[in-house]
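# A closer look at the structure
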2 protein chains.
Amino acid sequence: MLKLSKLYVVGIGPGSYEEMTLRAIRTLERCQVIVGYTVYVDLVKEHFPDKEFLTTPMRQEVERCRLAFEQAAGGKETGMICSGDAGVYGMSGVILEIGAEYPQVSVEIVPGVTAALSGGALLGAPLMHDFAVISLSDLMTPWELIAKRLEAAASADFSVCIYNPSSKKRGDYLKKACEILRKYKSGDTVCGVAFNIGRQGEGRTFYTLDELAQVRTDMFSTVFVGNSATKLVNGNMVTPRGYVIDKK
Amino acid sequence: MLKLSKLYVVGIGPGSYEEMTLRAIRTLERCQVIVGYTVYVDLVKEHFPDKEFLTTPMRQEVERCRLAFEQAAGGKETGMICSGDAGVYGMSGVILEIGAEYPQVSVEIVPGVTAALSGGALLGAPLMHDFAVISLSDLMTPWELIAKRLEAAASADFSVCIYNPSSKKRGDYLKKACEILRKYKSGDTVCGVAFNIGRQGEGRTFYTLDELAQVRTDMFSTVFVGNSATKLVNGNMVTPRGYVIDKK
């Protein structure tokens, strides 16, 4: 079937306009309608005047995707924005699944800088070697599976990047996660928290794994737990890849 | 100590100018000297005329980093470019480690779109849920540790993104990796290979895990192995996050 209109799923990166890829910027400039979660729309709005913006609140992800498809099916070039990358705990999966109902709409996914990368750069180089990305949100995933993945990652000495470390309802989840990681990782393991990446109030703090278990984070934080070789170098978190560095 | 000059470590994304972040572009525009591996310098060169480009061949990563520091220490704003993200099997770790020898040089890391994200977008949405990133290169990592990580990731039903799936010397490594993953993952697990992402000859192919074991890839390929829920939807690889999608 001839595809009549286009829906772009665009990862906007951590939040600032500068952290978007040129492709993401040009894609949104091409769109007539931009759809997204209110917080992310507010981040990009000023840079794309003359666009029609449509938002839905949190927890209405499927409705948001349908809204985007309806706009595209109606003949408007439409962009659905996600923070970070649309393919990492973002909307590209749902969009592709719903897409079967809208054969006249062609979907294009535009990747962006996810928090593992932007937070990693802020902290130093915590993910230079093999790593696992795990979300602590149990809204759609049983805690038993999250726990199993934390334990498996720790058992094989992965660095671990934790998304959604806690929320109001899940105040003790990061502590529970640290206790699981602690079965295999030393209490001295170098850890870091990146917060408000690319936005006002951006910052970072380093902890040991035992200290991290006592930290309260929020939904704008990304947590990094090192592997057994991770160290602090001049105030940065570095997981060596293994290069031999001769002193000069 | 007062920092006198600046060294930027810049992830340029998969290869095309459009996939760079605006911050990466503006950073390189600000630099006098751009240092990198020959292949990556050739990718960006035309977009940054009037710059001094310095290259070193593969396997001379530490020398390349020192070269960059010497330029910066000499008073030139210097950019060290890496493909994808500088913090994922890139140069930011070595740069931060060597940095201790150059206290007058201040280091800034500019994140970019790594192949897990750009390749993921090309294939669909393979990394929508928890995932592990593993390199099969055993140049600096014992194969036993790589094998252990593959097995741990498979045992906890992670999606797995494989970097450096093979090279001339390591022709059978992807096969060996698939055999390890096969201990826990079904032979029907949906897999995909993204190749030449963002460059001429860009493409994708889907396989089952059993088929993937027979595939010969090259160093410009990134491999994605789904979790137990990953499926092909309209010719795209999708790992559902768990949203309930009511049919209209």
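Just so it is clear, the structure is predicted and the values come from calculations on it, not from any experiment.

### A closer look at the overall build of chain A
The helix and strand inventory of chain A stands at 8 helices and 13 strands. For 248 residues, the compact-globule estimate of 2.2 N^0.38 gives 18 Å, and chain A sits close to it at 20 Å. When the backbone C-alpha atoms are referred to their principal axes, chain A occupies close to 55 × 45 × 35 Å. Per-residue burial over chain A gives 61% buried out of 248 residues. The contacts in chain A between residues at least 6 apart in sequence include a share of 71% that link residues at least 24 apart. Taking the average location of the 28 positive side-chain charges in chain A and that of its 28 negative ones, the two points are 2 Å from each other.

### Details of the environment of Val215(A)
Residue position: Val215(A) is located in the loop between helix H8 (209-212) and strand S11 (221-225). Not counting residues up to four positions away in its chain, the partners in contact with Val215(A) are Leu174(A) and Tyr207(A).

### Section: the interface of chain B and chain A
Every contact between the two is made by 77 residues of chain B and, on the other side, 77 residues of chain A. Linking chain B with chain A are 9 salt bridges. Between Arg26(A) and Glu18(B) there is a salt bridge, with its nearest N and O atoms 2.9 Å apart. Inspection of the region where chain B meets chain A yields 36 residue pairs in polar contact (both at pLDDT 80 or more). Looking at the side of chain B that touches chain A residue by residue, the class counts come to 38 nonpolar, 20 polar and 19 charged. Here 3 bridges tie strand S7 (residues 131-135) of chain A to strand S7 (residues 131-135) of chain B, and the two strands are oriented antiparallel to one another. Bridged to Phe131(A) within S7(B) is Val133(B).

### Considering the relation of the copies chain B and chain A
By a simple turn and slide, chain B fits onto chain A: the slide is 0.0 Å along the axis, the RMSD is 0.0 Å, and the turn is 180 degrees. Those values place the two copies in the arrangement expected of a two-fold rotation axis.

### Some words on the sheet that holds strand S10 (residues 203-208) of chain B
Overall, mixed pairing links the 10 strands, which are arranged S10(A)-S9(A)-S11(A)-S8(A)-S7(A)-S7(B)-S8(B)-S11(B)-S9(B)-S10(B) in an open sheet. The open sheet has two edge strands, strand S10 (203-208) of chain A together with S10 of chain B, and neither has a second partner. For this sheet, the mean angle separating the axes of adjacent strands, direction not counted, is 15 degrees. In the sheet, strand S9 (residues 190-195) of chain A pairs with S10(A) via 6 bridges, with the strands oriented antiparallel. From the neighbouring strand, Ala194(A) faces S10(A), where its bridge partner is Arg204(A).

### A look at the packing of helix H6 (residues 143-155) of chain B against helix H7 (residues 173-181) of chain B
Residues and elements named next belong to chain B. For the pair H6 and H7, the least separation of the axes is 8 Å and the interaxial angle reads 40 degrees. If you check the angle between H6 and H7, you find them oblique. As for how H6 packs across H7, the hand of that crossing is right-handed. Counting all contacts with H6, which are made through Trp143, Ala147, Leu150, Glu151 and Ala154, the residues of H7 involved are Tyr173, Lys176, Ala177, Ile180 and Leu181. Each residue belonging to the contact of H6 with H7 can be placed in one class, and the counts come to 8 nonpolar, no polar and 2 charged.

### Quick notes on the pattern of salt bridges
Per the stated rule, a full pass over the model turns up 23 salt bridges over all chains. Measuring nitrogen to oxygen at the nearest pair gives 3.2 Å for the salt bridge that ties Lys76(A) to Glu52(A). Residue Lys76(A) is located in the loop between helix H3 (61-73) and strand S4 (78-82), and its partner Glu52(A) is located in strand S3 (residues 52-56); the two are separated by 24 residues in the primary sequence. With its nearest N and O atoms 3.2 Å apart, the salt bridge here joins Glu108(B) to Arg23(B). Of this pair, Glu108(B) sits in strand S5 (residues 105-110) while Arg23(B) is found in helix H1 (residues 22-30), placing the two residues 85 residues apart along the sequence. Judged by relative accessible area, which is 23%, Glu108(B) ranks as partly exposed. Members of the salt-bridge network, linked through shared partners, are Lys6(A), Arg23(A), Glu108(A) and Glu19(B).

Rules of the game
Residues numbered from 1 in each chain as written. Chains lettered and ligands numbered in written order. Predicted model: local features only at pLDDT ≥ 70, side-chain atom pairs only at ≥ 80, totals over all residues. Heavy atoms only, no water. Helix = DSSP H or I, 4+ residues; strand = E, 2+ residues; numbered from the N terminus. Rg over C-alpha atoms; globule rule 2.2 N^0.38 Å. Buried < 20%, exposed > 50% of the residue type's maximum accessible area, 1.4 Å probe, protein only. Contact = heavy atoms within 4.5 Å. Lys, Arg positive; Asp, Glu negative; His and termini not counted. Charge placed at Lys NZ, Arg CZ, Asp CG, Glu CD. Salt bridge = Lys/Arg side-chain N within 4 Å of Asp/Glu carboxyl O. Polar contact = N/O pair within 3.5 Å; in protein donor to acceptor, adjacent residues only side chain to side chain. Nonpolar A, V, L, I, M, F, W, Y, C, P; charged D, E, K, R; others polar. Pairing = 2+ DSSP bridges. Least-squares fit on C-alpha atoms with pLDDT ≥ 70 in both. Axes fitted to C-alpha atoms, helices over the stretch in contact; angles between N-to-C directions. Parallel < 35°, antiparallel > 145°, perpendicular 65-115°, else oblique. Left-handed = near helix turned anticlockwise from the far one by under 90°.

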